[in-house]
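Each chain, letter by letter, is given below.
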Amino acid sequence: MKLWLPTSHAFMATPSAFRSVRRACFASSSLKWEGGVSMVQGASRGIGLEFAKQLLEKNDKGHVVATCRNPDRATGLVDLKDKFAERLNIVPLDLTIESTIEASAKFIREKYGSLNLLINASGILSIPNVLQPETTLSKVERSSLMLSYEVNAVGPILAIKHMWPLLKAGGGFGTERDVAVVANLSARVGSIGDNHLGGWHSYRSSKTALNQLTKNVSVEFTRRRDPIICILLHPGTVDTDLSKPFQRNVPEGKLFTKEFSVQKLLSIINNAKSHDNGKFFAWDGQEIPCLVQQAGVGLRSLPVSNPTQEAVLHATAASFMLVRQKRKERRKITEKRVFMVLLLSKQLLSTNSCTLLMQLAVSVG
């Protein structure tokens, strides 16, 4: 039996009306997907694999679609499949090949008809003899930048694009949430407002791009009144293959296990509300400033470490306000001139007057 899929008009109702419709329609369905349907993109190992594991273990009714490039080599997923044969599906997906993303969406559509949670967990930081974090500008290479952007930013946004209709159909049906959730794993180093060390150009900037793309999508979903929110998550420094080459400088107590980090992130996802749309959260639930806001408006989001820096920020804000004031004054002068032109146009009808009006119009322009 197919699930009832609401029309687009259903999402135009008030929140209370929408919840009533949702409860009535879901109650009348077969409850086949009670517990919801989740997709973990990049689930072959590390944090992605742990997400799939905890989603299955902590929700005995939920279904999980786990994707990775080479399912046959994903031994962790294969072992998980043996334990949760009925509720786990393993699907091939390569973020650098859009047709595989489309194929994954087709699989979910045909098997489930909807989706309630999309976790984009894939990410690259280093690949031996291919990609290394750049400690200086002189080490930046085009190939490293392009590969990082393709996997860390372009791929996740394409996954959201193709899963979008499924997320709209799913919303929060069968879950404790009122909306579907897209959770993109980012990193604190992708925050412009929190960048004080520089370096790691490819990884840092590709995560910044992911942050901006996620914000864009969140704004569009709000404008369209889709029952979906997008959030960014920073898992902390986790003991995985991605971080292993760089764990030497991690402070004591700041290297987390996969189990701990994913438990914290799932708590954020499960408690996410509509007003969290577009926000960036660290593993401990603290919000991270994604981008530097316009001067004079978002300066509070910038950490101030010393009096000199604070003085510079105040001076920047004052300069910004002065520019705005001057623009307002120029606008008032222009409006007065236009009013004079309109007034004269009613009173002066001679040819000489028309010439005068043209001259005034040119001066206003």
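Scroll up a little and you will see the structure.
Quantities reported herein were computed from a predicted structural model and do not represent experimental measurements. (Residues numbered from 1 in each chain as written. Predicted model: local features only at pLDDT ≥ 70, side-chain atom pairs only at ≥ 80, totals over all residues. Heavy atoms only, no water.)

Student: So what's going on with the pattern of salt bridges? Residues and values would help.
Tutor: Scanning the entire structure with this criterion turns up seven salt bridges. The shortest N-O distance in the salt bridge between E98 and K161 comes to 3.4 Å. Separated by 63 residues along the polypeptide, E98 in helix α4 (residues 98-111) and K161 in helix α5 (residues 142-170) bring together distant segments of the chain. Salt bridges linked by common partners bring K53, E57 and K83 together as one network. (Salt bridge = Lys/Arg side-chain N within 4 Å of Asp/Glu carboxyl O. Helix = DSSP H or I, 4+ residues; strand = E, 2+ residues; numbered from the N terminus.)

Student: Tell me about the nonpolar core, residues and numbers included.
Tutor: V40, F51, I119, I231, L233 and I269 are the most contacted members of the largest nonpolar core, which has 34 residues in total. Per-element accounting of this core gives the leading share, six residues, to helix α2 (residues 46-58). Apart from the residues lying within four places of it in its own chain, the contact partners of I119 are M39, V40, Q41, F51, L55, A183, L185 and I269. In this structure, L131, L158, I160 and V182 belong to the second largest nonpolar core, which totals 29 residues. (Core = buried A, V, L, I, M, F, W, Y, C linked by side-chain atoms within 4.5 Å. Buried < 20%, exposed > 50% of the residue type's maximum accessible area, 1.4 Å probe, protein only. Contact = heavy atoms within 4.5 Å.)

Student: Just give me the short version of the side chain of Q54, but keep the residues and values in it.
Tutor: Topologically, Q54 is positioned in helix α2. Q54 sits in the buried class, given a relative accessible area of 4%. Every residue in contact with Q54, bar those within four places of it in the chain, is listed here: K258, E259, V262, Q263 and L266.

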